[in-house]
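The primary structure of each chain is shown beneath.
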Amino acid sequence: MSTEPRTTTEQHHPRTTPLPTVREPAPTTSQIRLPATRQPEVPSVEPGGLSDDPEWYRKAVFYEVMLRCFSDSSGQGSGDLRGLINRLDYLQWLGIDCLWLPPFYPSPLRDGGYDVADYTAVASQYGSIADFTELIEEAHRRGMRLVVDLVMNHTSDQHPWFQASRSDPEGPYGDFYVWSDDAEQYRDARIIFVDTETSNWTFDPVRRQYFWHRFFSHQPDLNFDNPRVVDAMLDVGRFWLGLGVDGFRLDAVPYLFEAEGTNCENLPETHAFLRRVRTMIDTEFPGRIMLAEANQWPEDVVDYFGSEDEPECHMCFHFPVMPRIFYSIRDQKAAPIVDIMADTPAIPRGAQWSTFLRNHDELTLEMVSTEERASMYGWYAPDSRMRANVGIRRRLAPLLDNSRKEIELAHALLLSLPGSPCLYYGDEIGMGDNIWLPDRDAVRTPMQWTPDRNAGFSTADPGKLYLPLIQSLVYHYGHTNVEAQLAQPTSLLHWVRGMLAVRRQHPALGMGEFEVVDCDNESVLTFCRRSDDETLLVLANLASTARHATVKLPQYSGRPLRDVFGGAQFGSVGEDGTASFTLGSREFYWLSLEPAPDPEVV
């Protein structure tokens, strides 16, 4: 090895290598903050305030908005109360009269919040009681009301009442639930969730007894034979009514009581309890409503209205209408709808049905025959993942293959048949679903507001969202969103808003009498909605091809017909009491029967 010193040149000019370029690490998506106020530009609408109409619910349009799914104001990846407050202008512009909020109470969320762990609190991820009262005030200022779910039948097994009941059988909560030493009682009661439960009884290793549950085994049923349970639930109702809610959707009311030798549904004790709740509301909080969720045949459900002398619920869901709308569209015949309306008994004065095309559960097929169920599975659920319990877990647009004509026809039927319609969040823009997600999560994905990251639902890292966004080819949030449809005058969103506006101008569609009209074409559904002020004729072609129909209207001979959408004249009913129409594929008409012209006026 050489030991000679370096040359002078080497000493003064040492050889160097360039230092590597240091780059700042790329920001993660959680570090890229979107403007908190980035929202679709909704045309302004003047706040109107609440009307003082005591029967507002009979002509209202309801909108089911799940807090977790609608809008995230805090960047946590899940919707909240303040996010909903920020979107109230959109709902007012759309034309919604009443919001329905599914459970937002503290919960383990094993059943979408219907497993309640505290009846008189707001789950922390949604906000606070102060946020909730602000939501009520802001909704009322815009002329919208608010109803919430009251889940009386069962609680979560994490509820303090149940924990006290199982650990201290002799204590004050020992008899708050239905307990038994064996699983032999109430054998005539059916199992509702047949794909997950094998019994209505579950053994509790702490109390060493079985507890009763009509739904999931982590949801023990309350014991309404215990007067203290009744008083406790009345106090829960008073708590929320005192904060300003406009009513309750009463979840699973047919199953509140049990009796040996019965199917434990629709028992007289249940109706006596509901009459007591109604008396409390009418006396202490007049103007608020009770909406019964009873997935039963109409002749059974009608009992939940009570009578004019002994009223129970103001409204009841009419479950069997929903599957028959879908069945008729594929079968291309009006008979299923006509038949279920014929089987629907009259309801007391001041009562109203609640109808829907979709809600947060499945398109339930319990109220159809075995043959009809098989057909609907073939038409609407060819993949087994689309099925749940005894129903189909898909949204409206995918059910109808995103056919604009069929989506419009289904809405037209919903808005003109008897009952106050309820829309499901996102269906007004034709949102899709995700059958790869478990259980009901398939139809509970985030609302799609903009084409931005997270569809404008949240500023969170996409991985933090409570469920992934819809990214399918047909329903991708990049093109199926509120902002895009607001910018397109012919969009489904604008069409739905226009339909709601027209319906509001014609109260007969909400409160008028319903009468099926004779028609010579089995594919064309024809009926009248009649009030003291107007009579409307509705025609709907359920076939996929154009059809001609002659309608018999003998009591309206000579009456002119006018289109309620554009005001165009549609001729008159003939002197022979008939009128003929040609309807295109899946087309419908709403026609006003005008007063007959005065023959003495030239």
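Scroll up for the structure.
Residues numbered from 1 in each chain as written. Predicted model: local features only at pLDDT ≥ 70, side-chain atom pairs only at ≥ 80, totals over all residues. Heavy atoms only, no water.

**Student:** What is the right way to read the overall build of the chain from this model?
**Tutor:** Within the chain, the secondary structure is distributed over 17 helices and 22 strands. With respect to the principal axes defined by its C-alpha atoms, the chain has extents near 130 × 75 × 50 Å. A burial count over the chain gives 56% of its 602 residues as buried. With the model as given, the accessible surface of the chain reaches about 25,300 Å², and the carbon-plus-sulfur share is 49%. Across the chain, the centroid of the 54 positively charged side chains sits 6 Å from that of the 87 negatively charged ones. (Helix = DSSP H or I, 4+ residues; strand = E, 2+ residues; numbered from the N terminus. Buried < 20%, exposed > 50% of the residue type's maximum accessible area, 1.4 Å probe, protein only. Areas by Shrake-Rupley, 256 points an atom, 1.4 Å probe, with all protein chains shown as cover. Lys, Arg positive; Asp, Glu negative; His and termini not counted. Charge placed at Lys NZ, Arg CZ, Asp CG, Glu CD.)

**Student:** Explain the packing of helix H10 (residues 321-331) against helix H14 (residues 404-416) here, please?
**Tutor:** A packed helix pair is summarised by two numbers, namely the angle formed by the two axes and the spacing between the axes. For the pair H10 and H14, interaxial distance at closest approach is 11 Å and the crossing angle is 135°. Our classification of the angle between H10 and H14 gives oblique. Crossing geometry of H10 relative to H14 is assigned as right-handed. Of the residues in H14, those in contact with Ile325, Ile329 and Arg330 of H10 are Glu406, Leu409, Ala410 and Leu413. (Axes fitted to C-alpha atoms, helices over the stretch in contact; angles between N-to-C directions. Parallel < 35°, antiparallel > 145°, perpendicular 65-115°, else oblique. Left-handed = near helix turned anticlockwise from the far one by under 90°. Contact = heavy atoms within 4.5 Å.)

**Student:** How should I be thinking about the sheet that holds strand E12 (residues 387-388) in this particular structure?
**Tutor:** Strand pairing in a sheet takes place through backbone hydrogen bonds and is either antiparallel or parallel in direction. Strand order across the open sheet formed by three strands is E11-E13-E12, with antiparallel pairing between neighbours. Lying at the two open borders of the sheet, with one neighbouring strand each, are strand E11 (363-364) and E12. Note: E11 against strand E13 (residues 391-392), two bridges, orientation antiparallel. Looking at E13, one finds that Thr364 is bridged to Gly391. (Pairing = 2+ DSSP bridges.)

**Student:** Teacher, can you tell me more about the environment of Asp182 here?
**Tutor:** The residue Asp182 is located in the loop between strand E4 (179-180) and strand E5 (201-204) in this model. Along the backbone, Asp182 and Phe203 are 21 residues apart, and their C-alpha atoms lie at a distance of 8.7 Å. Apart from the residues within four sequence positions on either side, Asp182 is in contact with Trp201 and Tyr210. Within the structure, the side chain of Asp182 is placed 3.0 Å from the backbone nitrogen of Glu184, a separation counted as a polar contact. (Polar contact = N/O pair within 3.5 Å; in protein donor to acceptor, adjacent residues only side chain to side chain.)

**Student:** Help me understand the sheet that holds strand E6 (residues 209-212) in this model?
**Tutor:** Strand order in the open sheet formed by three strands is E4-E6-E5, with antiparallel pairing between adjacent strands. Looking along the sheet, the strands with just one partner apiece sit at the ends: E4 and E5. In this sheet, E6 lies alongside E5 in antiparallel orientation, the contact comprising four bridges. Paired with Asp204 across the bridge in E6 is Gln209.

**Student:** I tried to follow the pattern of salt bridges on my own but got confused; where do I start?
**Tutor:** For side chains of opposite charge, pairing can occur when their charged atoms come near one another. Inspection of every chain in the model, using the stated rule, returns 33 salt bridges. For Glu134, the salt bridge goes to Arg82, with nearest N and O atoms at 2.6 Å. Linking Glu134 in helix H5 (residues 129-141) with Arg82 in helix H3 (residues 81-86), this pair joins segments that are 52 residues apart in sequence. Among the ionic pairs, Arg214 bridges to Glu265, the shortest N-O distance being 3.3 Å. (Salt bridge = Lys/Arg side-chain N within 4 Å of Asp/Glu carboxyl O.)

**Student:** It is not clear to me how the packing of H10 against helix H11 (residues 335-342) should be interpreted in this structure. Could you clarify?
**Tutor:** Interaxial distance between H10 and H11 falls to 8 Å at its minimum, and their mutual angle equals 160°. Between H10 and H11, the interaxial angle falls into the category roughly antiparallel. In this structure, H10 uses Val321, Arg324, Ile325, Tyr327 and Ser328 to contact H11, whose residues at the interface are Pro336, Ile337, Ile340 and Met341. When grouped by side-chain class, the residues that make up the contact of H10 with H11 number seven nonpolar, one polar and one charged. (Nonpolar A, V, L, I, M, F, W, Y, C, P; charged D, E, K, R; others polar.)

**Student:** Help me out: how do you make sense of the pairing of strand E14 (residues 420-424) in this one?
**Tutor:** Consecutive residues of a regular strand have side chains that alternate between opposite faces of the sheet. Within E14, five of the five residues are buried, which leaves the element mostly enclosed by the surrounding structure. Pairing analysis gives three bridges linking strand E1 (residues 62-64) to E14, with the strands arranged parallel. Its bridge partner being in E14, Tyr63 is matched across the sheet by Leu423. Direction of pairing for strand E10 (residues 352-356) relative to E14: parallel, over a ladder of three bridges. Bridge pairing links Phe356 to Cys422 in E14.

**Student:** I'm lost on the nonpolar core in this one. Help?
**Tutor:** A general feature of soluble globular proteins is that nonpolar side chains tend to end up buried together. Counting residues in each nonpolar core, the largest one holds 160 residues, and the members touching the most others are Tyr63, Tyr90, Leu101 and Phe132. Top element by residues in this core is helix H7 (residues 227-243). It accounts for eight residues. Counting 17 residues, the second largest nonpolar core, distinct from the first, contains Cys528, Val551, Val573 and Tyr589. (Core = buried A, V, L, I, M, F, W, Y, C linked by side-chain atoms within 4.5 Å.)

**Student:** Looking at this model, I keep getting lost on the state of the cysteines. Mind explaining?
**Tutor:** Every disulfide links exactly two cysteines, by a covalent bond between their sulfur atoms. For the coordinates displayed, the defined rule picks out zero disulfides. Left without a disulfide partner, Cys528 is nearest to the cysteine sulfur of Cys519, which lies 12 Å away. By relative accessible area, which is 1% here, Cys528 ends up buried. (Disulfide = S-S within 2.5 Å.)

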